[in-house]
Every structure is written in C-alpha cells, then in structure tokens.
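Here is what each chain is made of, one letter per residue.
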Amino acid sequence: MTTSIPGNPADGASGPALAAERDEDDRLVPASTLTRRRFVESIGVGIAALAANACARQPRERIVPYVQRSAEVVPGVAQFYATSTARDGYGFGLLAKSHEGRPTKLEGHPDHPASQGATGLREQAEIFRLYDPDRARAYMMRKVPSSWETFALAFAPGGHQPWMQRRGQGLALVLEPSASPLRRNLLDRLRDRYPDLSVAYHTTTGIAQRWNGAKEALGTPADVHYRLANADVLLSLDAELCGSEPMAIPWARQFAERRKAVAPGTPPPRLYVVESSLTLAGVAADHRLAVPASHVGAIAAALFAAVAASTGQAAAAPLATAARRFLDASPHRRFVEAAARDLVRHPGRCVVMVGERQPAAVHVLGHALNWLLEAFGATAEFTASSLPDAGTAAYDLAGVLSALDADHVDTLMTLGPNPAYTLPADAEWERRSLRAHERVHLSLYENETSRNATWFLPAAHFLEQWGDARAYDGTISFTQPLIDPLYGGKSVEEVLSVLAGNPEGGRALLEASWRRPPAGVAPLQNFDDALRRGVLPGTSAPRITPALDMGAVSRALGAIQAPSSALELDVLLDPRLGDGDGANVAWLQELAEPVTKVVWGNVALVGPRTAKRLEIRDRDVVAIEHEGRRVVLPALVERGHAEGAVTVWLGHGRRAGGRVARGVGTDVAPLRTSESPWFVRGVTVVKTGARDGVVKTQTETELHDRPILLRKTMEQWKQDPDFARVRNEDPPTILPDRLGAGPQWGMAIDLNACVGCSSCMMACAVENNLSTVGKQNVALFREMYWIRVDIYHRGSDENPAFDFQPMLCQHCEKAPCEYVCPVNATVHSPDGLNEMVYNRCVGTRFCSNNCPYKVRRFNFFNYNNALPETVRMGKNPEVTVRGRGVMEKCTYCVQRIRRTEIEARVADRDLKDGDVVTACQQACPTQAIVFGDLADRSSRVARLFENARIYAVLGDIGTRPRTRYLARVTDPNPELET
C-alpha cells in the first residue's frame, strides 16, 4: 500500500517536476537528475567533510555568532546567530540555531522589542520555507533560462532601457513595505539617478487605513504603541490583540502578565471585544459582541457618544450630541453603555484598540476615544512610523494601475509581492500589467505574478541574505545569512543596487550603508560586534505628543455607515497562511486553524441563526455571489459568529506557488473589491446541493460537565477559593514510586495566559522533526502534532464563552500507557519523564488505547522515506527521525534536558532554574508555559504547583500527571451578567 504525502514530492505528490538545476557547464538539467553526490559537491567540500549527511555551504562573507562558543564550527555543537525578519515590513529579531552550517531552528531574540525571546507560528515555519524544494531555482528571460549576470547587464545604468534616458520616467517599482535603513538608502540613491521613477508598496494588511485615520485625527501618520501593562480595561474594535501584527507579542505578553497575577484581591484586566468571526482576542474576552465587520463603525460612534457624554469634555459635547443617533439606534445599547461606563471609571488606565481592516473613520474615532479617556501618553503612545513614505499614496497601487492603463510604464518591477493573487479581482492586475513592455518579478516561488513576467528572478530567503530593519518602535536590528542561497537567489537590495549602478555583495552593501548611519543613530564602533548582538539598543524612535483634531472627529462621524440588514461578506487573513505566502508549507496547511480546527482548506463561516435561515448545515457547499461574481466553498456553522455575515479567509486557492499550495481551498479574490476589500455588503449565499469533506482535528467542543478545563469568575472564586485545589489532590495508589535523586521535571500551563496562537505546536514540530500526513490521514485522526490546542465552549450558541487548553503528554507518574506495553517500549525515567524507546516499539498501539489524554501519535506510514535533500537539511540532528510503525509523543524536549545536563556537568556546576527551556515554552508569546525542576522548591514551576489555581486534568483517576494547569479566572462586568 502506498500513500501520497503533501509536501513530499518524492512520495507521490502530483504536479510538475522541480525547477531545473545547473550542471558544471552551466547547462540546465532537470531536478530529477540531481544526485546526492552532485548536490554535496555544489555546496562545498569543507562542510561536507564535517556532515556528509546534511550539508550546506556557509556564506563566503563572514557571519558572526550571537554566542561565540568556539573559534570554529564543532560537529554536533550548535551555534546561534542573531538575525531578523520582518512582520508587515517592521523588524522582528531572531536567534537562528545552526548545525554545521545549516539553520535548523529559529527562536525570538530576547533583546528585541518585537519578539522578546518568543516567536509566532509563521516565524517557526520559516525553516520549512527555507528548505522547500518547490522554491524558485532558475533565472528566466521570456521563458528562456538566463542568469543574474545577464539581468544585471540589461538593467545597469548605461543600458538600453527607454526610461534610462527619461530620468526614470516609465520605471515603476512595486515593493513590500520595509523599514530597512539599507533599502531606504538604496531607494534614495536610485531616486537621485532616476528622479522620475515611481515607487509603490503593496501589502494585504490595512496599514494605509490606520495611517489615514491617524493623519486625519492627529495630523501625522503616526504608529500607536499600546501599553497594556497599564490598562485595567481594554476594548477591541475588530483588533486582533494576539495575532500577527508587528507588536502582537509584546502586547499579548503585557496583557497576559496582568492576567497571570490574578488573585482574590487582584482582578485581571477586563477585555471587551467587538468582532464578526471569533478570533483569539474574542476567546480571551470577558465580554464579546458579535456584529458584522461593517457595523463596527456604528458601535464606535455609539461608544463615542456614551463616553463623551460621561467625561464632560466641553470640546466633545457638540460631537456627542451628533453621535447620539448611533447610540439611540443601536440594538447593542446595553453593551455599549456598560462598556463606556467601565472605561470612564478608569481614566488613564484603559485603552481602545482598532483593527487595521477598519476604515480610516473608525480609526479616527478610536483616537478620539483614547483622548477622551486620557489614554494618550499612558496606555497609548505615538511615534513617527519606521516605514518609508508612511501615509502617502505610495501604499495604494491605484497610481501604478492608472499609469499602466495610460501606457506610461515601460518596465514594471515587482520585487517581492504577488499582486496577481493578493489584489482584489476587480484590480485586473494580470491584464493591466501586460501593458508594460518589461515585467520583472523577484519572488521566492514562481507564483501567479511570475507567470506573466518577462524576467523572473529567484529571491533569497531572509536566512540567505544580509540586511537591516527597524522595529515598530524604531529599534534597529540586523539580518545576516546562515547559509549561502541554496538556489542562487538575490535580495531586493541586490536588485536595487544593480539599478543604482553600484552592484555589490550583501555584506558590502550593508557596511557601506552603515558608514553613514540613519539620523539620530551613533556610528558603529565595531560592525562585527553589532552583528553579534543583532540589536542596537537605544535606537527606538522618540515619542511624539499629537493633538486631537475635533474637526476630523466630526468628519469621521459623518462618514460612518449605518448598519445594514443586507447579508455581508467579511474577509480575514488566514491566521496560519497569511495572505497565502505560507500556503506551500505543509506544516501550516496541516496546523489546525485555532478556532474552527479546520485543516487543508478554507470554509465559509456563518452563525447559527443565519445558517438556519439559509438552510445551511456543516459541510454544505455554498455559492457566494455578488454583482455577477461567484465563489464556491464549504460552509461551517460557528457558534458565536455574527448573524447577517459570512466570513472567509484569504490565502487559499493558489493557482501557482508550489505543489502543496496549488488547488488547496478556494480563492475568494473574485468577491473582493478595491473600494471595500475587507467587507462586501449585499452578497447572496445559496446551496449547491453538494457536500464537502471539511476536515477538523477537533469535533467535540462540549465539556459535558467534565472537570477538564476549570474556569471561574472573580466572584465565584471568592465564594469557592478551593475550587481548583480539590482537583489537584492525588488519590492513593498501590503502585510503587520509581523516582530517583536529582531533578524531577514538570510543567505548568496557565490558562489565564494562553491565547491559543499555536506557536507552541509549530515550535514542537520544528524541534522534534514531526511529519505531515495529508488531509485524508488527518480525517482519520492520524495527525502527527505532539501538542494540540483544544477549544471548549460554554453557554448558548448565540453568545457562548470559549477557552483554549494546550494538551500534550502529561508525563504521568503512574502512567497507564506503561503497564500495557508488551515490549516495554514506554518506560519511566528516574527524573519523571514518560519515555518512548523507538527501537523497541512494535506498533501494538495498546499505549494509545490506554492513554486517557489521547496524546500519543502513531506512524502509520514512513513519512520520512525518500524526502528531498533540502528537506532533510532542515531536520534537527539532536532528535531521531522516526520511521514507520512506532508510537511518538511529547518528550518534554528530552534532548534539551540531556544537553543542558551535560553542559552543566562539564562546567562542574548544578543546574539552575531556567537552564532547561522546552521548545513550546521558548516560543510561547505570553509565557503561559513554565517548565522546570519540581524538586527545587524555589523554581518557578514548583511555586506554580503551590498556586491556588493549579489543578490536574483527570487527576482523580490516579495518573498523577507532571503537567498541570492553572485555572482560568475572568472578571466580567456585573452590569452585563444580569
């Protein structure tokens, strides 16, 4: 029996052969003829001698490790290098782990303000993108193989491009937003040479709306910095507090730190959320209002009326009267007035956050509310944006499209973005771009935009290039490569340097740029030292103190649309795939969407009452239509979804961009419009009569009164202070203890801090060499993720409350799996770990049947058989790559435990608390996971085991789990509880 595994081209995946490679004579040869021997020869004999089984040539330009362990690479000893990537163009600091010249893991840089030592699931998945065998490999000119040198000769100054004689008129650059000082310098040099060129930035986020709102309300397109550690009450207007925004990790961490400190006399901060479809912020909310996304503006206006009337600000009084109509007409007046009173009771200790996809008018009202609530300078601070041309028309491609229509573009260079897929269909990018004589596309994959390019250039992954970046707060970090470009790719900076007439290598460009550092930044005393640290402290942008323009508030109130009863389409970025750039990573496709638990595709989400009115059931295939345009996809009924709306995710239905991405899910671009890309009013939804096999990893979200996930309100906790303690008492046992001297490992997970982001799942997958199994096998519950993040609901279908709970091997002291294994493959270690001996396991699966937590995974097929060479390079050499027929599960990252123990023994010292950090713990943005030695009574985990909220899941059956949970405690507004 054979199986086709998504993401494993050698294992039966369909699609065209891998892109061509070049032989020694620079001739193109099919990838199928690329042998292991030739691959090793191509990436350098020196490193091949160190690691013949997993090798990669190190960059010729010298890189500098974050921690200098030794003068040279030592086989088997990992090195860490400081580098950075970008979130929405802003810098995000990382530490990259490298084994013998090949990066294998990414962690957050502890000194970087955006990462603070943690990562999101997209950063963790970048290792898979680096080694993706579907990445672009060949330079193409009019569909004929070419080279970088040929491109450079054609587009260097002095060439024969018509715009070179017209001061750049006719050259249009379309870039991704980037806060890189190096890129800004190159663009400045390019503009000096070609002053009439056109530069535009394309992003699928709503950053332009945010800037437009700030420019209207504050007079400047400032970036807002939320100080959630200072906030007792938070209100989110369609804002994803815990998502992929540039500063989502510090925001979520500040919010979680307050919630972790909850005590009977210390209530957690209260969170109100207004949104359409359930998000991570909605799950974390104390109160959630589900409304269609286009209604959020009316809620903001009604809230402004209530707050302005209560604060008594004279300047706002006339506007409060004008906004009163929204409050009087609101069907959610009780929610709005209760939230407004709560906010007003906490001046300077509250904040209102507005989501990027909301129109500029809603952002204006958000600033006005924060001004009224005295949040300016307290919980909301401002800086000038780190991104170039912020708040200008450069972030709207309408100018480029108009120039194409007028035949004013000779050469269109799209360096990074994929507008043929990410733009709304009515933009007609593919048709209009063909009007340019030369169309250059730089991309990591040959995607939808590449198909019409006259020049295609493979891009370098950020782990293959030099660069720099500014964080959201302005802090500067550096990017240095961990490996030579696997497929000869180039960075945007290298392309710009060719156009500017100064083609150089990445490091030379970076060093030249930093000979004249950005304004306000001191010259570097030692460039290597700056690379080693990765972050330049003291380079954050100065805070500004803007004034609120009441005239802008009046105009915003006039621009707010009244709620409509028409059925609405709401569009969201997929929380895993983003706008589709992560779609070719099988691990992201197989990662369950945090709320719905859907894998391998997208769905149309509808609320229970709307589904009943439309006679829709789960998995019914529906057609969504608007003004003659139509998309077809399966429906899913979601508890708590806004009635009168249908929600869909971007990022699916790719027509190109890799074999994993192609054809998975449905592209919803045909329904989006340039005027309103995020919500479309007046859609119709009809059943097609077909059914679809939507696959979910969790099908039951009812607790059925089982004490699995404990949750109380503050008032309930005061009345029953021992509600968790009674679930933490271990029953007597006749089984012997098998614990030894030394550390006794355990884990505590705080449900008050967990936001369900799934970063722990992806970090575990990268660290432990997990496999993907494909949609059909997931449907048979054969997924391989060692951690799952369960979601449970309580309350009515229309207004439910939700909770997340990470579930992994509990490492029971009295483990039921151990007593039923006929070959003694699952055993107990002296330090308390439930271990799996892979070469003993014969696959009876008795242990899985006997596990009450259902956290063991079985290799039904040899998912690691015949993997492409590059995929093998990404495997962690410290962890066994499992074959077919063995059981596997969470090991508490035993390889990290043993490595740290060896290092402590070599240094002749005792282990300290915090020396051992598991992969899930390290990645967790909110630090909800704490791991350590229970025998050390001063350790963090031991102290948490004494917390009043600690309890064991199913502890009453006598398993004595080493993983325990801290119950969730909420603080709902009493006004909304009655």
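Refer to the structure printed above.
Criteria and thresholds
Residues numbered from 1 in each chain as written. Predicted model: local features only at pLDDT ≥ 70, side-chain atom pairs only at ≥ 80, totals over all residues. Heavy atoms only, no water. Helix = DSSP H or I, 4+ residues; strand = E, 2+ residues; numbered from the N terminus. Rg over C-alpha atoms; globule rule 2.2 N^0.38 Å. Buried < 20%, exposed > 50% of the residue type's maximum accessible area, 1.4 Å probe, protein only. Contact = heavy atoms within 4.5 Å. Areas by Shrake-Rupley, 256 points an atom, 1.4 Å probe, with all protein chains shown as cover. Lys, Arg positive; Asp, Glu negative; His and termini not counted. Charge placed at Lys NZ, Arg CZ, Asp CG, Glu CD. Phe/Tyr/Trp six-rings, centres within 6.5 Å; stacked < 30°, edge-to-face > 60°. Lys NZ or Arg CZ within 6 Å of the ring centre and 35° of its normal. Core = buried A, V, L, I, M, F, W, Y, C linked by side-chain atoms within 4.5 Å. Arc of directions from axis to C-beta. Polar contact = N/O pair within 3.5 Å; in protein donor to acceptor, adjacent residues only side chain to side chain. Salt bridge = Lys/Arg side-chain N within 4 Å of Asp/Glu carboxyl O. Pairing = 2+ DSSP bridges. Axes fitted to C-alpha atoms, helices over the stretch in contact; angles between N-to-C directions.

Participant: Help me understand the overall build of the protein in this model?
Facilitator: A count of helical and extended segments in the protein gives 30 helices and 42 strands. Taking 2.2 N^0.38 as the reference for a compact globule, 978 residues should give roughly 30 Å; the C-alpha atoms of the protein span a radius of gyration of 28 Å, in line with that estimate. If you line up the protein on its principal axes, its C-alpha atoms span 90 × 75 × 65 Å. Burial statistics for the protein: of 978 residues in total, 62% are counted as buried. In the protein, the share of contacts with a sequence separation of at least 24, taken over all contacts with a separation of at least 6, comes to 74%. When the accessible surface of the protein is totalled, it reaches about 35600 Å², and 51% of it is carbon and sulfur. Side-chain charges in the protein split into 112 positive and 112 negative, and the spacing between the mean points of these groups amounts to 2 Å.

Participant: Quick question: what am I supposed to make of the packing of aromatic side chains here?
Facilitator: What describes a pair of aromatic rings is the distance from one ring centre to the other and the angle between the planes of the rings. Evaluation of the coordinates by the stated rule reveals 21 aromatic pairs. Here F858 and F860 contribute two aromatic rings whose centre-to-centre distance is 4.9 Å and whose plane-to-plane angle is 85°, an arrangement assigned as edge-to-face. Pairwise contacts between aromatic rings join Y139, W148, F151, F155 and W455 into one cluster. Cation over ring: R672 sits above W678, and NZ or CZ is 4.9 Å from the ring centre. The ring of F860 has R782 sitting right over it, with the charged end atom 4.0 Å from the ring centre.

Participant: How do you make sense of the nonpolar core when you look at a structure like this?
Facilitator: Burial of nonpolar side chains together is a common tendency in soluble globular proteins. L173, F304 and V553 are the most contacted members of the largest nonpolar core, which totals 241 residues. Sorting elements by how many residues they give to this core places helix α9 (residues 296-311) first, with 12 residues. Non-local contacts of V553, meaning those with residues more than four positions away in its chain, are made with F304, L319, V364, L365, A368 and L548. Core analysis: the next-biggest nonpolar cluster, separate from the first, contains 24 residues, V622, A635, L650 and V680 among them.

Participant: In this structure, what is going on with helix α19 (residues 550-559)? I would like to understand it.
Facilitator: Side chains three or four residues apart in an α-helix point the same way, a direct result of the helix having 3.6 residues per turn. All buried positions along α19 are accounted for by M550, A552, V553, A556 and L557. What you see down the axis of α19 is that its buried residues fit within an arc of 150°, all on one side. As for α19, its buried residues are in contact with α6 (207-218), α9, α10 (317-329) and α12 (360-372). The N-capping residue of α19, defined by a side-chain oxygen 2.9 Å from the backbone nitrogen of G551, is D549.

Participant: Just to check I follow, could you spell out the pattern of salt bridges for this structure?
Facilitator: Any two side chains of opposite charge can pair, so long as their charged atoms come close to each other. Counted under the stated rule, the structure contains 67 salt bridges. Of the charged contacts, one joins E337 and R333 as a salt bridge, the two residues approaching to 3.0 Å between their closest N and O atoms. Of this pair, E337 and R333 both sit in helix α11 (residues 333-344), four residues apart, which is roughly one turn of the helix. Overall, E337 belongs to the partly exposed group, its relative accessible area being 22%.

Participant: Explain the side chain of S829 here, please?
Facilitator: With respect to the helices, strands and loops of the structure, S829 is situated in the loop between β35 (826-828) and β36 (834-836). For S829, a relative accessible area of 3% puts it in the buried group. A polar atom in the side chain of S829 sits 2.9 Å from the backbone nitrogen of L833. Residue contacts for S829: discarding those within four places in its chain leaves R738, E835 and R898.

Participant: How should I be thinking about the sheet that holds strand β4 (residues 90-99) in this particular structure?
Facilitator: With antiparallel pairing, the three strands of this open sheet are ordered in space as β3-β4-β5. The outermost strands of the open sheet, each flanked by one partner alone, are β3 (79-87) and β5 (102-108). Sheet twist, expressed as the average angle between the axes of neighbouring strands with direction ignored, equals 35°. Sheet topology note: the β4/β5 ladder contains six bridges and is antiparallel. Paired with K97 across the strands is K105, a residue of β5.

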